[in-house]
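# Summary of structural features
What follows is the residue order along each chain.
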Amino acid sequence: MSTAIINISSLVTNDPSLGEGPLGLVQDAAVVIDGDRVAWIGESSKAPATDNAVDAGGRAVIPGFVDSHSHLVFAGDRTAEFNARMSGRSYSAGGIRTTVAATRAATDEALEANLTRYLTEALRQGTTTFETKSGYGLTTHDEARALRIAAAHTDEVTYLGAHIVAPEFADDPDGYVSLVTGEMLDACAPHARWVDVFCEKGAFDGDQARAILEAGKRHGLVPRVHANQLGHGPGVQLAVEVGAASADHCTHLTDADVDALAQGTTVATLLPGAEFSTRAQWPDARRLLDAGVTVALSTDCNPGSSFTSSMPFCVALAVRDMGMTPDEAVWSATAGGAAALRRTDIGRLTPGARADLALLDAPSHVHLAYRPGVPLVSAVWRRGVREL
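Throughout this description, residue numbers start from 1 for each chain and increase along the sequence as written. For this predicted model, a pLDDT threshold of at least 70 governs which residues receive local features, and a threshold of 80 or more governs which side-chain atom pairs are given and counted, while totals over whole chains, interfaces and linings are taken from all residues. In computing side-chain properties, one takes all heavy atoms of the structure into account and sets aside hydrogens as well as water.

### Some words on the layout of surface pockets
The condition that has to hold: For cavity detection a 1 Å grid was placed over the protein atoms alone, and a set of points counts as a cavity when a 1.4 Å probe fits there but cannot get out; an open set counts as a pocket when protein lies on both sides within 12 Å along at least five of seven lines, with lining residues being those that have an atom within 4 Å of a point. Grid points are joined across faces, edges and corners, and a volume is the space filled by probe spheres set on the points. Secondary structure elements follow DSSP: runs of H or I no shorter than four residues count as helices, runs of E no shorter than two count as strands, and numbering proceeds from the N terminus. Any residue that is not Ala, Val, Leu, Ile, Met, Phe, Trp, Tyr, Cys, Pro, Asp, Glu, Lys or Arg is counted as polar, Gly included; the first ten are nonpolar and the last four charged.
Estimates place the volume of the largest pocket at around 340 Å³. Taken together, 25 residues form the lining of the largest pocket, with Leu 119, Thr 128, Phe 130, His 153 and Arg 382 sitting closest to its centre. Put simply, the parts of the chain that give the lining of the largest pocket at least two residues each are α3 (108-124) and β6 (127-130). For the lining of the largest pocket, the leading source of residues is α3, giving six residues. Tallied by class, the residues present in the lining of the largest pocket amount to eight nonpolar, ten polar and seven charged. Here the second largest pocket defines a volume of roughly 220 Å³. For the second largest pocket, the lining is made up of 14 residues, of which Gln 125, Ser 310, Pro 312, Val 374 and Pro 375 are closest to its centre. For the lining of the second largest pocket, the leading source of residues is helix α12 (residues 311-321), giving three residues. Of the residues that constitute the lining of the second largest pocket, the class distribution is nine nonpolar, three polar and two charged.

As structure tokens, then:
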């Protein structure tokens, strides 16, 4: 079955060859979907005949959001921690242990129900592709089951046994690194595409992080790195050196860090929900963009430091507080996220791309930042199927 979405006021394609500017904007546009793929893009008056037609009524269409960094396999929440932090206590990596205890105690069914709840939330806000991680089990059994649960819902699954040192290894962090790079990795690698590490004071230092990422590479996993969130450190340059797809957070950067990102292929994934929820320093997106770094935006949805599943909210924060233009933020939340996942079939609306798109109850994508907090996504197609 083929479907034409016609009378689109402004269509973001993310293909400059199809329209105006870096977003490839097409005015008075139509999109033709055939099966799970985009078959045609152009002016609405020239749309070919199809089996079905949907009248966009002068509203905007954008590619589905690509959320390339989330932590959705968990149990419980950290309301008390958030409440205390908003009363003056700073965020530290140690709060993760609260979620580890709750996750270990939860059944598989409870973890999957929680995951699907937040995926449904994200879909309603236009997210059609998401990455998610383990990291709240920190035992071989619990990390492997988290990845199995996640893999039933997405191809973009990340092994994050190196989130923090497991409580049982508090006095033996090197022993935990040995577990993460040995038995745990053997059990987890078959269920994952990526390997990640929290390279930060209070978690893993540069040498430990390198050992973990290199071990993951030997098992066929591609690196990603939690880097430079809480302070300056080796994470960003390590990410570039090991060929990581993305360095995530990138809040505290030296000139050398920015240069490394600009000269390499690693995407800088910015997670403004974390800074919003922790009252921390904002990442300087303008500095990165002006240096020629590829930037992605993502939610970092997790129960401790960024409990939001809303990509539109992150777009608004990036424009308001991180120096991005509305066009740049929308690109980073779609094509940028796809780049962070090394995907070319999503994050754009071009013939042959996957038919993932969102219809906005607004005449332009700029309204995502212009009207923060307003539920503007009125319809979503994923793999060519209307799901909202």
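Having put the structure on the table, let's press on.
### What to know about the side chain of Thr 299
Applicable threshold: Think of a polar contact as two N or O atoms within 3.5 Å of one another; within protein, one of them needs to be a possible hydrogen donor and the other a possible acceptor, and neighboring residues in sequence only count if both atoms come from side chains. We call two residues in contact when some of their heavy atoms are within 4.5 Å.
Here Thr 299 shows up in the loop between β14 (295-297) and α12. One polar contact links Thr 299 to Asp 67, side chain to side chain, over a distance of 2.7 Å. Those residues in contact with Thr 299 that sit more than four places away from it in its chain are Asp 67, His 69, Ser 70, Leu 271, Ser 306, Thr 308, Ser 309, Ser 310, Met 311 and Cys 314.

### Some details on the packing of helix α5 (residues 173-181) against helix α7 (residues 206-218)
When two helices pack together, their arrangement is captured by the angle between the axes and the distance separating the axes. So the rule is basically this: Lines fitted to the C-alpha atoms define the axes, with helices restricted to the stretch that makes contact. Angles between their N-to-C directions range from 0 to 180 degrees. Each angle gets one of four labels, with under 35 degrees taken as roughly parallel, over 145 as roughly antiparallel, 65 to 115 as roughly perpendicular, and the rest as oblique. Handedness of a crossing follows from how the near helix is turned relative to the far one, being left-handed for an anticlockwise turn of less than a right angle and right-handed for a clockwise one.
At a closest axis distance of 9 Å, the pairing of α5 and α7 adopts a crossing angle of 15 degrees. Comparing the axis directions of α5 and α7 gives the class roughly parallel. Crossing handedness for the pair α5 and α7: right-handed. Every residue of α7 that contacts α5 at Pro 173, Asp 174, Val 177, Val 180 and Thr 181 is listed here: Gln 208, Ala 211, Ile 212 and Ala 215.

Read these as spatial facts, not as claims about activity.
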